[in-house]
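An overview of the molecular structure
If you want the building blocks of each chain, they are given just below.
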Amino acid sequence: MKYYLEEADAVLASQETARNGLDAGQAVHRLEKYGLNRLAEGKKKTVIQRFFEQMKDPMVIVLIAAAVVSGIAAEIADAIIILMVVVLNSVLGVVQEGKAEKAIEALARMASPYSKVRRNGHVSHIKSEEIVPGDIVLLEAGDAVPADMRLIEASSLKIEEASLTGESVPSEKSSHAIAEGENDIPLGDRHNMAYMGTSVVYGRGEGVVVETGMNTEMGKIAEILSRTEEEKTPLQKTLAGLSRILSICVLGISVFIFIFGVLQSGGFTGGHVLEMFLLAISLAVAAIPEGLVAVVTVVLSIGVTRMSKRNAIIRKLTAVETLGCTQVICSDKTGTLTQNKMTVVDTFGDAARLAAAMALCNDAELSEDRSEVIGEPTESALVRYAYELGYVKDELEDKTPRVADAPFDSMRKMMSTIHRDESGKLVQYTKGAPDELLKICSHMLLDKDIIPLTDELRQRVLDENKRMAGKALRVLGAAEKELGMLPEKISPEALEKDMTFIGLTGMIDPVRPEVKPAIEECRAAGIKPVMITGDHRDTAVAIARELGIIEDESQALTGTELGQISDEEFEKSVGKYAVYARVQPEHKVRIVSAWKKNNMITAMTGDGVNDAPALRTADIGVGMGITGTDVSKNVSDMVLSDDNFASIVKAVEEGRRIYDNIRKAIQFLLSANLSEVLALFVATLLNFRLFTPIHILWINLVTDTFPAIALGLEEAEPDIMTKPPRKADEGIFAGGMAAGVIYQGIVVAVLTLISFYIGFRQSQITGMTMAFLTLSLCEVFHSLNMRSRTKSIFRLKTRNKVLIGAMILSFVLTLSVIYIPGINTIFSLEALSLTNLLIGSGLAVMIIPVVETAKLVVSMIRKRN
């Protein structure tokens, strides 16, 4: 049953109840039937479950196997170090999980704990969770609506529904059925319904409960949240693919080396089998970039810290990288693009008299320190307008206190107040909808003179009203008259006649001043901004035009129109639209999903409960820290602490910088791993023992890791925000990165083998130590090359002091392993002579001119092309 289309008595009958409410027996029976009026809690994973889920990664499985074999072979130090790496990575993964449960809990907290319910003709306070369908709930200003209900009485009732519908102005309610034929009525236009999670800001009313718990509109949102699965980010997908490829290569190479070595040594008998097994493990350890996950995590974490200083709080590390490749930003209008604060921006008439009338005929109040206005948004805007003109409401009321009033109601669309001034004279002020106000006016205040309201003047007022409405302004008029005495009957009929029209005020929820330049920056960066709102089409179009989101009205679509388009058709045409008005939660999810079906990385910003499903569906959800509900913040990947859309642009720039730096770190680490594999492979073919597993682990986890992390701190390239965002399916090796990894890995491997050969002519341990030194320092010097993948390091205008510090640290640690007695014994190394030290270090430095030459050649080829 569509309760909003039915008369109140018909709805009462459908719920088998009456205006006196249910009796105790019916309430108990229905509670057993329908259950408690609360939202279902999501299933929670234990910490142990999350921990072991992190170990499904193929690279992690290979490392665990390597640790087990090392332990069996009595290589305890190797086994412990490998297992420590596995545990660290798993712990880092566990810390990032668990948002869905928090979102459901926050939704549940929005329900009021107690409600006023009429049962057996008596009003009582009961727990909101004990409310059942058919209960009669009483509402007044300040109450939270405990369930979905059809209103059966409404007296000047206004309900704040912004968290559910996105509308910035409270919805005026009535108990009348909506006319037949209007079957598809958006949530925000159902004036005879009240929904769980919204709040009463004015008036009073009664309603019959029609849905409770998970069957409410709030429950539907909770259900969507619980069904929505988190998708992997582009970086996660890339690293997962890289992990699979590396794991396959690792196993293939290790098995080949093991079998080749065993056969070369005379078959599967004797002690050489164990030696070959350990060699295969060395290769496996060499091929796997053990520090990669840790490096990426630390680089992202550092990015998170930087972004927090720019008002972007990251709740999920991978969101940093996803922001960098965002192609579409779907933004909620209210409170995100706009200030969520109704403001008078246009007027017509005598400013002084208009301001005084609007402030006095008003139920909003200035706070004690006058820093804010407390009350309904429209009335608050009028009080604020008067205050800015020097008419302070509490001072006006001290001089002309209110003595009577006729409250606002949605039928006549007006309210009136009567005031007594210091001389004892009575003055009536009336404000309301201009067309209705003009009907009760006989005169008009024009140039401080009161003159008869002619048809010409009446049309002039209507033209001004039309002009303001054309700009999507909410227009209210004011009128006044002097009273000789207080009427015997204070009623609208007795008061609202023979008024003098004063003027008009036009209000709107204004755009944030910093949003327009932010949107221009988005466009320059190749990002498409899209507005999604529960507001009316005219308002949405006006705001979007002002911000430069659209050029004409054809780019706007209403929720009703969207509902008439099939998913397949919408996926093809989604690019035509940039504004969506009067939408419901499921529409927002459809919009985000349609962009994603077009392989566009989509971000969604929002602050209300109604945004939560789309925030979770989007590649990256951006919540608002100040005006945002707990629900929207808990499902978001990033929260803006200043609610400033412009902060997203800074976050996008930071995301792009971080992704560039992660690619630099990955190229650096993979070229290092490739050099290790190639050097070990060649040494094995030549029947040399080049490295042990502990050597490789030291280089991968210590020597390489510090410079790799420092590379993550490189400043952004100057043109980073003038490039289009990368495509979602763009591989991490795009742009020549694969070629860079290969040739750099070969160069380092060759330099390492040359160093080994020079030392090996003296002894096995000297050769191994010199190879260890050259490989370690090659990586240290190579990190300088990686400050820019394409530009010469001698032309960079920025400095990376952290990288220099990391290089020095890695250099010192490498020398410590070689020269400190006891430690070099554990590592099977020896203290090198000064000559060997200089030879090994000199070979390592050669990586810089080789890579610089390659960059120059590539640059010349690109310029020629």
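Refer to the structure printed above.
Note that this is a predicted model, so its numbers are computed, not measured.

1. Quick look at the overall build of the protein
Tallying secondary structure elements over the protein gives 35 helices and 25 strands in all. Considering the protein as a whole, with its 865 residues, one finds that 56% of them fall into the buried category. Taking the contacts inside the protein whose residues are at least 6 apart along the sequence as the reference set, 72% of them involve residues at least 24 apart. Accessible surface, the protein: about 36300 Å² in total, of which carbon and sulfur atoms supply 57%.

2. Thoughts on the pattern of salt bridges
Within the structure shown, the criterion is met by 36 salt bridges. In this structure, the salt-bridge partner of Asp9 is Arg19, at a minimum N-O distance of 3.4 Å. Within this pair, whereas Asp9 is found in helix α1 (residues 8-14), its partner Arg19 is found in the loop between α1 and α2 (24-34), the two being separated by 10 residues in sequence. In this structure Asp9 comes out as exposed when scored by relative accessible area, which is 51%. Two residues, Lys333 and Asp535, come together in a salt bridge whose shortest N-O distance is 2.8 Å. With Lys333 in helix α13 (residues 333-337) and Asp535 in the loop between β20 (528-532) and α21 (537-547), this pair connects stretches of sequence that are 202 residues apart. Each of the two residues, Lys333 as well as Asp535, counts as buried. Linked by salt bridges that have partners in common, Arg306, Arg310, Glu654, Arg657 and Glu715 make up one network.

3. A look at unusual backbone geometry
For Ser156, which is not glycine, the phi torsion reads 50 degrees and is therefore positive. Take Ser156: it is sitting in strand β4 (residues 148-160). For Ser156, a relative accessible area of 12% corresponds to the buried category. For Arg370, which is not a glycine, the phi torsion comes out positive at approximately 65 degrees. Tracing the backbone shows Arg370 in the loop between β11 (365-366) and β12 (373-374). On the basis of relative accessible area, Arg370 is assigned to the partly exposed category, the value being 29%.

4. Some remarks on empty space enclosed by the protein
The final tally for this structure, using the stated rule, is 3 cavities of 30 Å³ or more. Lining the second largest cavity we find Leu164, Thr165, Pro186, Leu187, Gly188, Gly534, Arg582, Val583 and Gln584. Residue composition of the lining of the second largest cavity, by class: 4 nonpolar, 4 polar and 1 charged.

5. A few points about the layout of surface pockets
The computed volume of the second largest pocket comes to approximately 1100 Å³. Contributing to the lining of the second largest pocket are 40 residues, with Val169, Pro170, Glu172, Arg474 and His536 lying nearest its centre. Elements that contribute at least two residues to the lining of the second largest pocket include exactly β5 (171-172), α15 (377-388), β14 (414-420), β15 (426-432), α17 (434-439), α18 (455-470), β18 (474-483) and β19 (499-508). In terms of residues, the lining of the second largest pocket owes the most to one element, β18, which gives 3 residues. Taken together, the residues of the lining of the second largest pocket sort by class into 16 nonpolar, 10 polar and 14 charged.

6. Here we look at the pairing of β19
The side chains of a regular strand alternate, first on one face of the sheet and then on the other. Where burial is concerned, most of β19 is hidden: 10 out of the 10 residues are buried. Inspection of the sheet shows strand β10 (residues 343-349) paired to β19 by 6 bridges, in the antiparallel sense. The partner of Thr343 across the bridge, within β19, is Ile508. Where strand β16 (residues 441-446) and β19 come together, 3 bridges link them in parallel fashion. Directly across from His443, in β19, lies its bridge partner Thr500. When β18 meets β19, the two strands line up antiparallel, connected through 7 bridges. What sits directly across from Val475, in β19, is Gly506.

7. Quick notes on the side chain of Lys116
Structurally, the position occupied by Lys116 is in strand β1 (residues 114-119). Polar contacts involving the side chain of Lys116 include one to the side chain of Asp143, which spans 3.0 Å. Look past the residues within four positions of Lys116 in its chain and what remains in contact with it is Val123, Ser124, His125, Ile136, Val137, Leu138, Glu140 and Asp143.

8. Let's talk about the environment of Val296
Relative to the elements of secondary structure, Val296 occurs in helix α11 (residues 292-308). Assessed through its relative accessible area of 6%, Val296 is described here as buried. Considering only alpha carbons, one finds Val296 and Ala708, 412 residues apart in sequence, at a separation of 9.0 Å.

9. Describing the sheet that holds strand β24 (residues 620-624)
The strands making up a sheet are joined through hydrogen bonds of the backbone, oriented either antiparallel or parallel. Here 8 strands make up an open sheet; going across it, the order is β8-β25-β24-β23-β9-β20-β22-β21 and the pairing mixed. Edge positions in the sheet fall to β8 (312-314) and β21 (556-558), since each of these pairs with one other strand and no more. Along the sheet, successive strands turn relative to each other by an average axial angle of 20 degrees, direction set aside. Note that strand β23 (residues 602-606) and β24 share 4 bridges and pair parallel. What sits directly across from Ala603, in β24, is Ile620. Of the strands in this sheet, β8, β9 (328-332), β23, β24 and β25 (638-640) touch helix α27 (residues 646-685), which is tilted by about 140 degrees from β25.

10. Let's talk about the side chain of Lys393
With respect to the helices, strands and loops of the structure, Lys393 is situated in helix α16 (residues 393-399). A polar contact of 2.6 Å, which involves the side chain of Lys393, links it to the backbone oxygen of Ala364. Those residues within four positions of Lys393 in sequence are excluded, and the remaining contacts are Ala359, Asn362, Asp363, Ala364, Glu365, Leu366 and Val383.

11. Brief notes about the nonpolar core
A general feature of soluble globular proteins is that nonpolar side chains tend to end up buried together. Ranked by internal contacts, the top residues of the largest apolar core, which has 123 residues, are Phe501, Ile549, Met638 and Phe645. At 16 residues, α27 tops the list of elements feeding residues into this core. If near-sequence neighbours (up to four positions away) are discounted, Ile549 is found in contact with Leu337, Ile519, Arg523, Pro529, Met531, Ala544, Ala578 and Val579. Judged by nonpolar contacts, the second largest core, of 46 residues, contains Cys330, Tyr580, Val589 and Ala614.

12. Considering a nonpolar patch on the surface
On the surface, a cluster of nonpolar side chains totalling about 320 Å² of accessible area is made up of Ile742, Ile746, Val750 and Ile754. Within the secondary structure layout, Val750 lies in helix α30 (residues 737-760).

13. A short note on the packing of helix α34 (residues 834-845) against helix α35 (residues 847-864)
Running from amino to carboxyl end, α34 crosses α35 at an angle of 10 degrees, the nearest separation of the two axes being 4 Å. Judged on the interaxial angle alone, α35 and α34 are roughly parallel. Contacts between α34 and α35 involve Leu843, Ala844 and Val845 from the first element and Ile847, Ile848 and Pro849 from the second. Classifying every residue of the contact of α34 with α35 gives 6 nonpolar, no polar and no charged.

14. A short note on the packing of aromatic side chains
Considering all chains together, one arrives at 6 aromatic pairs under this definition. Here the aromatic rings of Tyr577 and Tyr580 are separated by 6.3 Å at their centres, their planes lie at 65 degrees, and the arrangement is edge-to-face. Taking relative accessible area as the criterion, Tyr577 reaches 14% and is therefore assigned buried. Grouped by ring-pair contacts, the aromatic residues Phe570, Tyr577 and Tyr580 constitute a single cluster.

What counts and what doesn't
- Residues numbered from 1 in each chain as written.
- Predicted model: local features only at pLDDT ≥ 70, side-chain atom pairs only at ≥ 80, totals over all residues.
- Heavy atoms only, no water.
- Helix = DSSP H or I, 4+ residues; strand = E, 2+ residues; numbered from the N terminus.
- Buried < 20%, exposed > 50% of the residue type's maximum accessible area, 1.4 Å probe, protein only.
- Contact = heavy atoms within 4.5 Å.
- Areas by Shrake-Rupley, 256 points an atom, 1.4 Å probe, with all protein chains shown as cover.
- Salt bridge = Lys/Arg side-chain N within 4 Å of Asp/Glu carboxyl O.
- 1 Å grid on protein atoms, 1.4 Å probe; cavity = no way out; pocket = protein on both sides within 12 Å on 5 of 7 lines; lining within 4 Å.
- Points joined across faces, edges and corners; volume = space filled by probe spheres on them.
- Nonpolar A, V, L, I, M, F, W, Y, C, P; charged D, E, K, R; others polar.
- Pairing = 2+ DSSP bridges.
- Polar contact = N/O pair within 3.5 Å; in protein donor to acceptor, adjacent residues only side chain to side chain.
- Axes fitted to C-alpha atoms, helices over the stretch in contact; angles between N-to-C directions.
- Core = buried A, V, L, I, M, F, W, Y, C linked by side-chain atoms within 4.5 Å.
- Patch = residues over 30% accessible without salt bridge, like charges linked within 9 Å, V, L, I, M, F, W, Y side chains within 5 Å.
- Parallel < 35°, antiparallel > 145°, perpendicular 65-115°, else oblique.
- Phe/Tyr/Trp six-rings, centres within 6.5 Å; stacked < 30°, edge-to-face > 60°.

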